[in-house]
Every structure is written in structure tokens, then in C-alpha cells.
Amino acid sequence: VGCNKGHDAIRTARMGMFTPDFDANQWENAFGNNMTFDGGACKQESSSQATINVGMQPRTGEMHCIEPMPSTFRELQAASEQLG
């Protein structure tokens, strides 16, 4: 269990919901203002994100991320709120 700073969650939401609203670069910029951003334990920051083609219809969905570390949880929550 662990969210790994949200990398997989953002990329999976983007791919599954066909929406550019979930953007890994924007996430990295919003995340970790008060902590060192090291890309997560598994280094997912180097993974590519899905390309959203013109004409793809967005789908509804939800992404849940479980994070046991209080400091990381606070940063995940703050980044999520910042990006809407």
C-alpha cells in the first residue's frame, strides 16, 4: 500500500477517463511544495502518460489512492485541491 506520490494514479486516471485534466507534469509542479520531490519509491516520474487524441470522448470515473504516510497524504491532498 502506498500512493507513490500519485504518479500511477494520475497516469491511470488520464488513460481511463480520456481527459487531459489529469496531467503528470502539472501534478509534479503542484506536488511537494513542502517536501523533496523524488518521484516516488518506484520512480514512476519517468513513465510516459497517455496521449489524449482530439475527438476522444471523456469518460466518468474515480481514482482512489491509499497513502499511509501523513506527510505524503497532506501533500497529495494539497496538490489535488490546487489542481481542482
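Before any of the text, the structure's been laid out above.
**So, the environment of Ile-52**
Then, number 1: With respect to the helices, strands and loops of the structure, Ile-52 is situated in the loop between α2 (24-30) and α3 (70-83).
Then, number 2: The sequence separation of Ile-52 and Met-15 amounts to 37 residues, and the corresponding C-alpha distance is 7.9 Å.

**Thoughts on α3**
Then, number 1: For α3, spanning 14 residues, the distance from its first C-alpha to its last is 20 Å, which sits close to the expected 20 Å at 1.5 Å a residue.
Then, number 2: Three or more residues of α3 are buried, namely Thr-72, Glu-75, Leu-76 and Ala-79. Take α3 and look down its axis: the buried residues cluster within an arc of 100 degrees, on one side only. Exposed side chains of α3 directed beyond 90 degrees from the buried face belong to Arg-74 and Glu-81.
Then, number 3: Looking at the buried residues of α3, the elements they touch are α2.
Then, number 4: Gly-84 sits one or two residues past α3 and shows a positive phi near 85 degrees.

Rules of the game
- Residues numbered from 1 in each chain as written.
- Predicted model: local features only at pLDDT ≥ 70, side-chain atom pairs only at ≥ 80, totals over all residues.
- Heavy atoms only, no water.
- Helix = DSSP H or I, 4+ residues; strand = E, 2+ residues; numbered from the N terminus.
- Expected span 1.5 Å × (residues − 1).
- Buried < 20%, exposed > 50% of the residue type's maximum accessible area, 1.4 Å probe, protein only.
- Arc of directions from axis to C-beta.
- Contact = heavy atoms within 4.5 Å.

Everything listed is a geometric property; what it means functionally is a separate question.
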